[in-house]
Amino acid sequence: MNIHEYQAKELLKSYGVRIQEGIVADSPESALKAAKKLHAETGTSWYVIKAQIHAGGRGKGKIQETDSNGVVLAKNIDDVQEKAKNILGGTLVTIQTGAEGKKVNKVLVAEDVYYPGASEPKEYYLSILLDRAKGCNVIMASTEGGMDIEEVAEKHPEKIIKEWVDPKVGLQGFQARKVAFKLGLEGNAFKEMVKFISALYNAYIGSDASQFEINPVLKTSDDKILAVDAKVNLDDNALYRHKDLAELRDLAEEDPLEVEAGKSDLNYVKLDGNVGCMVNGAGLAMATMDMIKLSGGEPANFLDVGGGANATTVEAGFRIILQDPNVKAILINVFGGIVRCDRIANGVVEAYKSIGDIPVPIIVRLQGTNAEEGARIIDESGLKVSSAITLKEAAEKVRAAIS
Ligand code: GDP
Ligand code: MN
C-alpha cells in the first residue's frame, strides 16, 4: 500500500527521522492558514507547495489546467493562496502518472529548507528495500540526489552505494557510518546522517514497510540532514497489525477496478491487453498470462480467484473484467483439485445467466477432478462459451477469438 508524502513524513517523524516540516491543506484558504502556522512554528518565510498524489516527478510535472508545476516555491506568504489554487483540483501529469494524470485533492505546505548559509545545500538519495535474492534489507544511497535514480543506476552504477542489513541482526552502527562516510560527509553532517539512517531503518522495520525512498535527503546549509520527499510503501500483508497505518489508505489514488476486486477478495491487477483471464492460483495465473501471449494476445489483467472458486467469485470476476473496454475475449483457466470442475462449470453458467448477454467469447479450460463433466456442462449450456481441456486447445481458441 502506498501513502502520501505528508503521511509518510509524519510516520518518519514519529521514529525520530528529521523531516522538512509541513502542514497539509485541501483548499487555498487552508493553505494560507497552514503557511501562517508554519511561519509561527519554524520561522520560515518561504514556502514550498507540494501536490499530494501517489506518484513522483511532481516538481517537473505540470498541472494541465493551469500549467503550474506540481511543486512550487512561494517566496512571499501573499503568494501561497494563489499558488495553491493553481494546483488544487487540477490534474497533475508527471512521468510516473501516465498521460491521463492524477487529480490533486491536497497540497502539503512545507517550510523552505534550501536557505543560504555557511555551505551550499546538497541533495542525496536514500532508499531501503528488501533484497529477496540475499534475504536481506538493503540500504541504497547516492550523492546524486534529486535525480531520477534509475538513470543514475544505468549510467553511473558506481555512484550507488549499497549496504545489506541482516534482518536478524539489525542495522549495526558501523554500517550507518560506512554509508555516511561513502557519501563524503564530515563533521556534524556525518553524525546527522548516521542518526538519520538509523532512525530511518527503525521506521522501515517498525512499520513493516516494503520500500522507503527518500529523494532528496537534504544536507542544509547549516549541516542538518532531513527528508525533503518521502515515498513509503507498506507491506499489505502486515497491515493487520498496523491499524493506524491501514487507515492512511487513499482509495481515490487506486484503480477503481482493483478496489472493487479487493472487496470480493479477488487478487486483480489491471493490465493493458485484450484477453481477460480468470484463474485459480497465482502460479497458474502467471502461466495462463504467458499462454495468452503465446497465442498472440496480450493479457488484460491478472486475476486470481483463489482456492474456493464458486459461482459468486466467478460472477464478481466476470463483472470486473467486463468493465475493461479493451477486453475482446475471456479465458477461464481453473484447476479442479479441491474444487470440482463440474461445480466451476455450473458456476460459470450461472454467473453468465445472471449477468445477461456477455458481448465477448469466453473460453473455459477446466482440468482436474470431473474435467470431462465440466466440459460437457459448458458445451451443452447453449451460451457463447466454449470449453477446452488442454492448454494448447485453449490457446488456439483464444487465437481464433481475437483474430
Ligand atoms: P518530486 O518531484 O515528486 O520527487 O518531489 P520532491 O519532493 O522531490 O520535490 C521536487 C523538488 O522540489 C526537489 O528536488 C527540490 O529541488 C525542490 N524543493 C523541495 N523542497 C524545497 C525547498 O524547501 N526549497 C526549495 N528551494 N526547493 C525545494
Ligand atoms: Mn522526490
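An unreviewed UniProt entry lists the chain under the name Succinate--CoA ligase [ADP-forming] subunit beta, from Fontibacter flavus. In its Pathway (unreviewed entry) section, UniProt records this for the chain: "Carbohydrate metabolism; tricarboxylic acid cycle; succinate from succinyl-CoA (ligase route): step 1/1." Note on the chain: under the UniProt heading Subunit (unreviewed entry), the record states "Heterotetramer of two alpha and two beta subunits."

*Asks:* Is there a simple way to explain helix α12 (residues 371-379) in this structure?
*Replies:* Every α-helix winds through 3.6 residues per turn, so residues three or four apart in the chain are directed the same way. Considered for burial, the residues of α12 that qualify are Ala371, Gly374, Ala375, Ile377 and Ile378. Burial along α12 is one-sided: seen end-on, the buried residues are contained in an arc of 160°. Residues of α12 that are buried in the fold lie against α11 (341-355), β18 (362-368) and β19 (385-388).

*Asks:* Explain the site of ligand 1 here, please?
*Replies:* Close to ligand 1 lie 18 residues; Lys50, Arg58, Gly59, Asp112 and Val113 are nearest. A distance of 2.6 Å separates an oxygen atom of ligand 1 from a polar side-chain atom of Lys50. Arg58 is positioned such that a nitrogen or oxygen atom in its side chain is 2.7 Å from an oxygen atom of ligand 1. Coverage of ligand 1 by the protein amounts to 79% of the 570 Å² it exposes when considered alone. Secondary structure elements with two or more residues in the shell around ligand 1: β2 (47-51), β4 (71-74) and β11 (209-219). When its residues are assigned to classes, the shell around ligand 1 shows seven nonpolar, five polar and six charged.

Each value, and the rule that gives it
- Residues numbered from 1 in each chain as written.
- Chains lettered and ligands numbered in written order.
- Predicted model: local features only at pLDDT ≥ 70, side-chain atom pairs only at ≥ 80, totals over all residues.
- Heavy atoms only, no water.
- UniProt positions renumbered as here; feature names shortened; annotations may be inferred.
- Buried < 20%, exposed > 50% of the residue type's maximum accessible area, 1.4 Å probe, protein only.
- Helix = DSSP H or I, 4+ residues; strand = E, 2+ residues; numbered from the N terminus.
- Arc of directions from axis to C-beta.
- Contact = heavy atoms within 4.5 Å.
- Near = heavy atom within 4 Å.
- Polar contact = N/O pair within 3.5 Å; in protein donor to acceptor, adjacent residues only side chain to side chain.
- Areas by Shrake-Rupley, 256 points an atom, 1.4 Å probe, with all protein chains shown as cover.
- Nonpolar A, V, L, I, M, F, W, Y, C, P; charged D, E, K, R; others polar.

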